[in-house]
Amino acid sequence: MNELYLFLLMVIPLAAAGVVALGPAGREKSVSMAAMLLCGVITLLLLLAFDWTRAATMQFEASVAWLPRLGLSLSVGVDSVALLLIALTALLGPICVACSYTAITERVRTYYAWLLVLQSAMFGVFAARDLVLFYIAFEFTLVPMYVLIALYGSTNRKKAATKFFLYTFTGSMIALAGLVYVAWHAAEMRKGWSFDIATLELAARTLPASAQGWVLAALLAGFAVKVPLFPLHTWLPLAHTEAPTAGSVILAGVLLKLGTYGIYRFAIPFAPAAFAEYAPAISAVCIVGILYGGLICWVQTDVKKLVAYSSVAHLGFCILGMAALNTAGLSGSIMYMINHGLSTGALFLLIGMIYERYHTRNMKELGGLAAKMPVWATFMVFFAMASVGLPGLNGFVSEFLCLIGAFQADGRWGAGSMGSGLWGSGGAAVPGATWGSLGPWYAGVAGVGMIVAAMYLLYMVGRVVFGPLVEPAGHGHEAHGSESHAAPGHGSESHAAPGHGSESRATTGHGSESRATTERVHGVLPADLNLREILTLAPLAVLCLGLGVYPTPVLEAINGPVQKTAYMVEDAVKPRLAGERAPAGVRPVFDLGGHEATNPDGTKPKEGEVIGQ
Amino acid sequence: MVADMLAWVPSFAGSVAAMAQHGAEAVRGAAQEAASHGPAVEAAGAGVGGIALPGMGSKLYGLIPLLPLLGCAVCGLLAALKVKSKLPAWMTVVLLGASFILTAVMFNDVSVKGHGAPVVSHLFEWIRVHWGMGERATSLVANFAFYIDSLTCLWMLFVTGLGTLIALYASEYMSHDVGAGYCRFFAAFNLFVFSMACLVMGDNLLLLYLGWEGVGLCSYLLIGYFYKKPSAVAAAKKAFIVNRIGDLGLALGVMLAFVHFGSLEYSVIFEKAGPYIAAMKAGRLEEIPAIVQLIPVLLMVGAFGKSAQLPLYVWLPDAMEGPTPVSALIHAATMVTAGVYLVARAYPLFLLSEIALPIVAWTGALTALLAATIGMAQFDIKRIMAYSTVSQLGYMFAGLGVLTSAGAGFHVFTHAFFKAMLFLSCGAVMHGFAGQLDLRKLSGVGKVPGWRIVSMAMLVGCLNLAGFPVITAGYWSKDMILGGAFANPHMQAIGWILLVTAGLTAYYTFRVYFRVFAGPVEYEPGDELHAHGDDGHGHDGHAPEGRATTGHASEGHATSEHFHPHAPGWAINTVLAVLAVSAFAVIGLRFIGGHEGWAADMVEQSTARYEGAAAYEMAGGHAAGSGHAGASGHALFFGFDAHKAMMVVSGIVGLIGIAAAFYLHYAGRTTAARAKADALLPAMGPVAGWAQHKWYVDELYDFLIVKPLWVLSNIFHLIDKLLVDGLVNVLGWIPRAMGGVLRPSQSGLLHNYAVGMAGGIALLLLIVVLVTRS
């Protein structure tokens, strides 16, 4: 039964999508919600059934032969990292459905059907243990996302959707070339095709150094676009601004993680030595992204664009931690994926709630909403603080670990943790200290990003949440009339509003347009958040707080895979270093509890090897 | 885990007294076991979620931060329920009072009975990442665990004690907001005490960092409490961001400490620093790596941010936008001393660095002088008090820098009382006179009926701040720092700066007292007068309306004839009276215990102990043993013992300052506005104006940092749009131009894309297969 779970995760949303698309009208919301919740339950069962003591080992492995002659199979399996990302996806699923209840009123069927297809594809990416399945799922996320942006986005949606599609598609085609090359190399080695990821990982170890560099370049080209790393990020602000709320939440919450996950799952294992060699350069790009993205956030007037650019800065930290290639950095990086999904996803939800009410994202037309929407304001300040990296909330733990990882990465390879020695305490010169060495300057300069994050997020909070109440034209009088019926409790507070109606700088054309829609929406939505909206935010808030106060279970859960990755990189780097600097020494044999032993020739016996022979 | 905690709290609540008994015994046992330098780790149940069963002794101390946290949660709940009563205030007072009682128990156990031997109390595991194996096994561990020694107790006593009193004061002061922001205020207030307790009690640098940023958040929320006022929002933002600059230094210091010492826990760090300390005492400074010397420098940056020292002090005066109880508790008594605490806590590391403590001393002294000069020229009494806080914090840092950590600790303690009292008195005036804070518009407040207690409290506070000889605690604590500076042969210049500042301090302090509280009765209400009628005093939210309706200002003038100041009620009066009495009682602490008093003993029992050797003394060519502590190393003040000479000299300087204020601002004054000093201002030329404009430091920062950064950001934004994205667009055009022939396939219909993509993948796979087969 356990083996079926992962397949179920992919099949249920697909089936539900079929029901939504072909079934009776008017049931879309309930069917998709039920499917999403069912996926959530299955994920819970997976979390319970997972053997956390062997977190680094793939579990729930299952394989269905597809085209055995070509080595093609549909195989799935998860380690703790993939499982946690599946959990994040499963959590955001129902939230995305719930946040669309009133926002999507036209072509409802198509919307929910594609949302479900997207969910299925995302589960597929994280569950895949077969390269072909992974790539198909990875690419297939583009289509639903394209539809969500192109049909349900705001004014500039067509351009944004096309750009999103073409940009990321081009990147992934290059990545595909790299992946196929590795598969081809494996086929040469093993005299037979296999697309099993574990098999390819082993085969990739025998790649010649120059080929590794090219593989890395190809994989990074694809995945860095998705992350997105500076300077490949320009599709993101556009896509985010134009996408509907649920699209933005999924985009920030999960789709960007496909890039970081891809780097973690493929770029590092397929080209470990090359990754270590270019780690300083990759980190430098991340740091530029952190500061550049952060400063651009600071001068935005579109609140959604601000949060979109903040992803560029935030995921810079994430990849910086990954490039540290030690346990602290990698742990921080994986935590960062989850935390960014929670806090940035929530920020997009909050902005969506404002957009539904006011039909503007312009910070010049919005201000002081705390006076009118205290509950919304509380959540906004909370999630902004989580995003700023306030200790006690989730963002801090991952950011700190990423930075400390970078700080520690002094190029001393040993014990699965680069730079675990006492830094600065003298000692012998390190052979090949330039390999993957980051050090305090990287951490220090990246740390400036913490200040910049406070600058732009508090600028946003200070503008939108606090200050004198400013509402766009058309929301002073009309809106209040209908609203005081909906929420009598807010009647007294709304007295302050009319005076500000005239202050707003909206063009009249826009004003009349929004007035038309206002009446409709305000019939449904109260001034402050309704229960449904609070319930979409509450789980995220609880997790942000929980992961900030007690991150140890998650850190423990990912410790196995992370250490395995760190050892693997070290295994790959050491012979290269030895060949470069010193005579080859005895290769260390690591036997970590719960992890596979490493043979002296650098290969690892794996269960998955049978598949595809 | 949370459920564990919740289940655990009520089980305590039932039998706190019994637990206290248990706790006391267990701690006594632990303290006896512990060697006088090693911490007594009591972490039997240290597993995951390891809150042990009740009766685990020192775990009781965990309640000190947890009670305010509970208060915060309940206040949040009350806010959600829209409670319209003073319930949040009373609950806060009770919880903080209980926290204070527990602190007293802790003080009794650790400091009195345990003679300051540190006790570590483990609550639960916060962050743990481990790697490596065997000998190389390392882990990054930061627990919710508390390191309690006398320094902790010294700080916690006034944090919880003043917290309770100020909560009581705020129950009345904030009463106009009952039902509106009242719950929010007390939620943030409680959260502040929790964060401050984490900061002071944490057993590792990361928990300190949690508290550090936590108090920053509360400060942000409370400065911006009147969130409809743009100036308050701007001030809150400024405070947070300027603090973040400091926090980056602190974070890097923490990382460096971890990477070098392999731990974040104080006990381990100090143990591993042992060899360096030994080398330093022996004068072998070359054995101390530069990295170790860099750690305190980075920590110091954080301390300067939080404690408002040069160049990061600019946020504190603006922070006065917050409600006065907040200014009193956070921006005067407790939070701003966090930097002093950090330096004192990490004092062994500071002593190892040749440059750290001299920088601390000079920064402190220069900040003290600069802030005092600005304070002399301000008219807003709350701002004057804010600058005096910056200035007094400078004294504390200077004290640490000149190696009289005991004096610095004592000054923190006395300052907390008298500065809180000064702010609360100013707040009472603000509350009663409709927001009036301009000392040119208030006079003789002490003679108005109902204002006697406020006036007395103000006088006591001013005497303390001015360092009035012998009868004030402020005199004794300031004196220890001045004496220490002059006794330190390297730091004579610091002594002179601080001595001059003492005179200026006395002057500007009594400038406020003589103008506002003495002299003829004459006052003009502030601009919050109109608020009397409707929803109370409303310091909030009315700013835009007030400006919009021009009638208000004239109305205010018209009614000032029959304006009746709103005399403080019992809560405010009680708190001020208690504080006034305690401010005097604190003098007694100077004369109990060792030869420098109780607070000095507390500091001497802790990590902030100065053991007669600091790297910068050693570097100065002084052999071991001839340091400050050795009598031979004592510098003399014109041939007299520096400490004894200072008792006389600083007293005289203080009296001169008071006399100057008396002559310039009181003698012969007939109206509120006119004082002899006002005639002096034109004679001083531009200098007075510069001081009034705070030496244009804000403008300088704006010009040098904020504006260029803003321009740079806009340039980046432009580059992003034109260059980075433009390049992509150009690349995008190429295939489009070439693909004109294929236009029909670019239908924009999604199905086509999907089919095309699937086909593309299939084609690629096919090619690969064919290539390899052939």
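About the thresholds
- Within each chain, residues carry numbers counting from 1 in the order of the written sequence.
- Key to labels: chains lettered from A, ligands numbered from 1, both in the order written.
- At least 70 in pLDDT is required for a residue's local features to be given in this predicted model, at least 80 for side-chain atom pairs to be given and counted, and no such filter applies to totals for whole chains, interfaces and linings, which use all residues.
- The side-chain quantities take in all heavy atoms of the structure and omit both hydrogens and water.
- A run of H or I in DSSP counts as a helix once it spans at least four residues, and a run of E counts as a strand once it spans at least two, with each numbered from the N terminus.
- Exposure is judged per residue with a 1.4 Å probe applied to protein chains only, and the accessible area is read against the type maximum: over 50% gives exposed, under 20% gives buried, and values in between give partly exposed.
- When checking whether two residues touch, look at their non-hydrogen atoms; a contact exists if any pair is within 4.5 Å.
- Note on areas: Shrake-Rupley with a 1.4 Å probe; residue coverage comes only from the protein chains shown.
- Buried area adds together the accessible area that both of two parts lose upon being put together, with accessible area traced by a 1.4 Å probe.
- When a carboxyl oxygen of Asp or Glu lies within 4 Å of a side-chain nitrogen of Lys or Arg, that pair is called a salt bridge.
- Under this definition, polar contacts are N or O atom pairs within 3.5 Å; protein pairs additionally need one hydrogen-donor-capable and one acceptor-capable atom, and for neighbouring residues in sequence, both atoms have to be side-chain atoms.
- Two rings from Phe, Tyr or Trp (for Trp, the six-membered ring) form a pair when their centres sit within 6.5 Å of each other. Planes less than 30 degrees apart are called stacked, planes more than 60 degrees apart edge-to-face, and all others tilted.
- Between the first and last residue of a helix there are one fewer steps than residues, each counted as 1.5 Å, and that sum is the expected span.
- Fitting one axis to the seven residues ending at a residue and another to the seven starting there, the bend at that residue is the angle between the two axes.
- Paired strands are those between which DSSP finds at least two bridges.
- Values of pLDDT, the confidence the predictor places in each residue, fall between 0 and 100.
- The nonpolar core is taken to be a set of buried Ala, Val, Leu, Ile, Met, Phe, Trp, Tyr and Cys residues, with the residues joined through side-chain atoms within 4.5 Å.

## A closer look at the overall build of chain B
Alright, step 1. When its secondary structure is counted, chain B shows 31 helices and seven strands.
Alright, step 2. A burial count over chain B gives 61% of its 774 residues as buried.
Alright, step 3. Restricting the contact set of chain B to residue pairs at least 6 apart, pairs at least 24 apart contribute 81%.

## Thoughts on the overall build of chain A
Alright, step 1. A tally of regular secondary structure across chain A gives 22 helices and two strands.
Alright, step 2. Going through the 613 residues of chain A one by one, you find that 69% of them count as buried.
Alright, step 3. Nonlocal contacts in chain A, meaning residues at least 24 apart in sequence, comprise 80% of its contacts between residues at least 6 apart.
Alright, step 4. Split by element, the accessible area of chain A, about 18,300 Å² in all, is 66% carbon and sulfur.

## Thoughts on the interface of chain A and chain B
Alright, step 1. With 86 residues of chain A at the interface, the matching set in chain B holds 72 residues.
Alright, step 2. Here chain A packs against chain B, burying approximately 7,400 Å² in sum over the two surfaces, 75% of which is carbon and sulfur.
Alright, step 3. Scanning the region where chain A abuts chain B turns up two salt bridges.
Alright, step 4. Ionic pairing is found between E556(A) and R128(B), a salt bridge with its closest N-O pair at 3.6 Å.
Alright, step 5. One can count 17 residue pairs in polar contact (both at pLDDT 80 or more) joining chain A with chain B.
Alright, step 6. Per element, the largest residue contribution to the side of chain A that touches chain B is twelve residues, and it comes from helix α17 (residues 440-465) of chain A.

## Examining the packing of aromatic side chains
Residue and element names in this part refer to chain A.
Alright, step 1. Here the structure, examined in full by the defined rule, presents 60 aromatic pairs over all chains.
Alright, step 2. Judged by centre distance (4.8 Å) and plane angle (75 degrees), the ring pair of Y111 and Y152 falls under edge-to-face. Placement of Y111 in helix α4 (residues 108-127) and of Y152 in helix α6 (residues 142-152) is noted, with a sequence separation of 41 residues between them. Comparing Y111 with Y152 shows no difference in burial state: the two are buried.

## Some thoughts on the side chain of H340(A)
Residue and element names in this part refer to chain A.
Alright, step 1. Mapped onto the fold, H340 is located in helix α14 (residues 327-358).
Alright, step 2. At 3.2 Å, the side chain of H340 forms a polar contact with the side chain of S311.
Alright, step 3. Beyond its immediate sequence surroundings of up to four residues, H340 is in contact with A252, L256, K257, S311, H314, L315 and G345.

## Some remarks on helix α21 (residues 531-549) of chain A
Counting along an α-helix, one turn takes 3.6 residues, and residues three or four places apart therefore face a common direction.
Residue and element names in this part refer to chain A.
Alright, step 1. Between its first and last C-alpha atoms α21 spans 26 Å; for 19 residues at 1.5 Å apiece the expected length is 27 Å, and the two agree.
Alright, step 2. Along α21, the sharpest kink reaches roughly 25 degrees, centred on L537 and followed within four residues by the proline P539.
Alright, step 3. Among the residues making up α21, those that are buried are R532, E533, T536, L537, L540, A541, C544, L547 and G548.

## Notes on the pairing of strand β2 (residues 119-131) of chain B
The side chains of a regular strand alternate, first on one face of the sheet and then on the other.
Residue and element names in this part refer to chain B.
Alright, step 1. Counting buried positions along β2 yields eleven of 13 residues, so the element is predominantly enclosed.
Alright, step 2. In this sheet, strand β3 (residues 138-148) lies alongside β2 in antiparallel orientation, the contact comprising eleven bridges. Bridge pairing in β3 places V129 opposite L140.

## Concerning unusual backbone geometry
Alright, step 1. The omega torsion across V227(A) and P228(A) is -10 degrees, close enough to zero to call that bond cis.
Alright, step 2. With respect to the secondary-structure elements, P228(A) resides in the loop between α9 (209-226) and α10 (235-242).
Alright, step 3. Of note, the bond from F230(A) into P231(A) is cis; its omega dihedral lies within 30 degrees of zero at 0 degrees.
Alright, step 4. Here P231(A) shows up in the loop between α9 and α10.
Alright, step 5. Within the chain, H115(B) stands out as a residue other than glycine whose phi angle is a positive 50 degrees.
Alright, step 6. Here Y696(B), not a glycine, exhibits a phi torsion of approximately 55 degrees, which is positive.
Alright, step 7. Following the sequence through the fold, Y696(B) ends up in the loop between α29 (686-692) and α30 (697-738).
Alright, step 8. On the accessibility criterion, Y696(B) (35% relative accessible area) is partly exposed.

## Side note on the confidence of the model for chain B
Low pLDDT marks regions whose predicted coordinates should not be analysed in detail.
All names here are of chain B.
Alright, step 1. Here chain B averages 80 in pLDDT, while 80% of its residues score no lower than 70.
Alright, step 2. Helix α22 (residues 543-548) is the least confidently modelled element of chain B, averaging 35 in pLDDT, while helix α14 (residues 338-345) averages 94, the highest of any element.
Alright, step 3. This stretch, residues 1-56, has a pLDDT under 50; its non-local contacts, to residues over four places away or in other chains, come to 70 contacts.
Alright, step 4. Across the whole predicted complex the pTM is 0.85, and at the interface the ipTM reaches 0.85.

## Overview of the nonpolar core
Alright, step 1. Ranked by internal contacts, the top residues of the largest apolar core, which has 494 residues, are W376(A) and W155(B).
Alright, step 2. For this core, the element with the most residues is helix α8 (residues 230-261) of chain B, which contributes 18 residues.
Alright, step 3. If we ignore the near neighbours within four places in the chain, the residues touching W376(A) are L350(A), M353(A), I354(A), L369(A), V464(A), V465(A), D528(A) and L529(A).

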